[in-house]
Amino acid sequence: ISQRFGFRTMEVREGDGLYVNGSKVMLKGADRHSFWPDSGRCLSEAVQRLDIETMKDANMNAVRMSHYPPDAQFLDLCDELGLYVLDELGGWHQRYDTTVGTKLVEEMVTRDVNHPSILFWDNGNEGGWNTDLDDLFGQFDPQQRHVLHPWAIHGGVNTGHYKPYEVAKALCSSNTIYMPTEFEHGLYDGGAGAGLEDYWKIMSASKICAGGFIWALLDEGVKRPDNGMIDVVGNQAPDGIVGPYREREGSFYTVKQLWSPIQILETNLPAKFDGTLTVENHFSFTDASQCRFIWRLLTFISPDRTNSSDDY
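Presented here is a report on the structure given in the accompanying data block. (Residues numbered from 1 in each chain as written. Predicted model: local features only at pLDDT ≥ 70, side-chain atom pairs only at ≥ 80, totals over all residues. Heavy atoms only, no water.)

### A word on the environment of W92
In plain terms, the rule: Put simply, DSSP H or I for four residues or longer makes a helix, DSSP E for two residues or longer makes a strand, and each gets a number counted from the N terminus. When a residue's accessible area, from a 1.4 Å probe over protein chains only, is under 20% of the maximum for its type it is buried; when over 50% it is exposed; and in between it is partly exposed. Contacts are assigned to residue pairs that have any heavy atoms within 4.5 Å of one another.
Relative to the helices and strands, W92 is located in the loop between β6 (84-88) and α3 (98-112). Residue W92 is classed as exposed on the basis of its relative accessible area, which comes to 55%. Those residues in contact with W92, other than ones at most four positions away along the chain, are H67, N125 and E126.

### Here we look at the packing of helix α1 (residues 45-57) against helix α2 (residues 72-81)
To keep it simple, the criterion reads: For helices, the fitted axis covers only the stretch in contact; all axes are lines through C-alpha atoms, and the angles between them, taken along N-to-C directions, range from 0 to 180 degrees. Geometric relationships in this document are graded by angle, where less than 35 degrees denotes roughly parallel, more than 145 denotes roughly antiparallel, 65 to 115 denotes roughly perpendicular, and other angles denote oblique. Helix crossings fall into two classes, left-handed where the near helix is turned counterclockwise from the far one by less than a right angle and right-handed where it is turned clockwise. Classes in brief: Ala, Val, Leu, Ile, Met, Phe, Trp, Tyr, Cys and Pro nonpolar; Asp, Glu, Lys and Arg charged; the others, Gly included, polar.
As a packed pair, α1 and α2 sit with axes 10 Å apart at the nearest point and diverge in direction by 40°. In terms of their interaxial angle, α1 and α2 are classed as oblique. Classified by chirality, the crossing of α2 by α1 is right-handed. Of the residues in α2, those in contact with E45, Q48, R49, D51, I52, M55 and K56 of α1 are Q73, F74, L77, C78, E80 and L81. Class assignment for the residues of the contact of α1 with α2 results in six nonpolar, two polar and five charged.

### Quick look at the pairing of strand β4 (residues 27-32)
Filter applied, for reference: Whether two strands pair comes down to DSSP finding at least two bridges between them.
Summarising burial for β4: six of the six residues are buried, a large majority. As paired strands, β4 and strand β12 (residues 211-214) are joined by four bridges and run parallel to one another. Residue pairing across strands places K28 opposite G212, the latter belonging to β12. Taken together, the four bridges between β4 and strand β5 (residues 62-65) define a ladder with parallel strand orientation.

### Concerning the sheet that holds strand β2 (residues 17-20)
An order of β1-β2-β3 is seen for the three strands of this open sheet, with the pairing classed as antiparallel. Each having just a single partner strand, β1 (10-13) and β3 (23-25) make up the two edges of the open sheet. Each neighbouring strand pair of the sheet contributes to a mean axis angle of 35°, computed without reference to strand direction. Where β1 and β2 come together, four bridges link them in antiparallel fashion. Bridging across to β2, V12 finds its partner in L18.

Listed below in structure tokens is the structure:
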């Protein structure tokens, strides 16, 4: 066979964080299903590439394969374009028995083991772990990647889902790496970008938080063949950061701003602003001197001005 592969180190330093090639990283990602309105779970290379480009355009650097391994082509593109991956044993809320699970773990790991983009294996989804399978992943993975239990503490990482703000705040001050593999549930945009800023302030300031994954990437509506409308079965289809054809919605732009690797710390400018801004670099490997900046200073009309033709 002919197969591309790469080299890099990946460490989980318990009580500290995640390190790729010796540099500490924060994972900023979304949970992604394989889905397209016109073809369901059957995707073209163009759609696979579009998903990765959409996530990177939102300043994400990671994706969780919820809740099954993706097409091998998607992992090839993650290697090529640069996106960290949590590869997940198929399942939802039920665990596999050991006989069936053993076969599925072997098939997943032996197929995907050479992808450097994969940082972790997920042993199922929330409520779906068979702990007898945990040690099996390493039998087929020479790199001995860590195994996660989404929604639980395992291997030195707490992946707890949808924690209330005060609980998340406490976890960000604990001694266990905190990395929710689902948070900011985007149904009706009640989470995702709408609630991200408050959580991300405490998460990004924490020395123990390793990032998180927003549920979910996209609205999974099916294009009906009878009338051409997008059907989401009420609210039963996942509601995500982008539309079914990856249309940018409000949350997309909020996530893009909050997860920008270059942040300007000033929130208010002095009356005699001289053009000096404080820039903070959140890149893992890129120095800010390698970046190019274009900025404009705009004066917006105050809402307390009287309406006149000059205001428009």
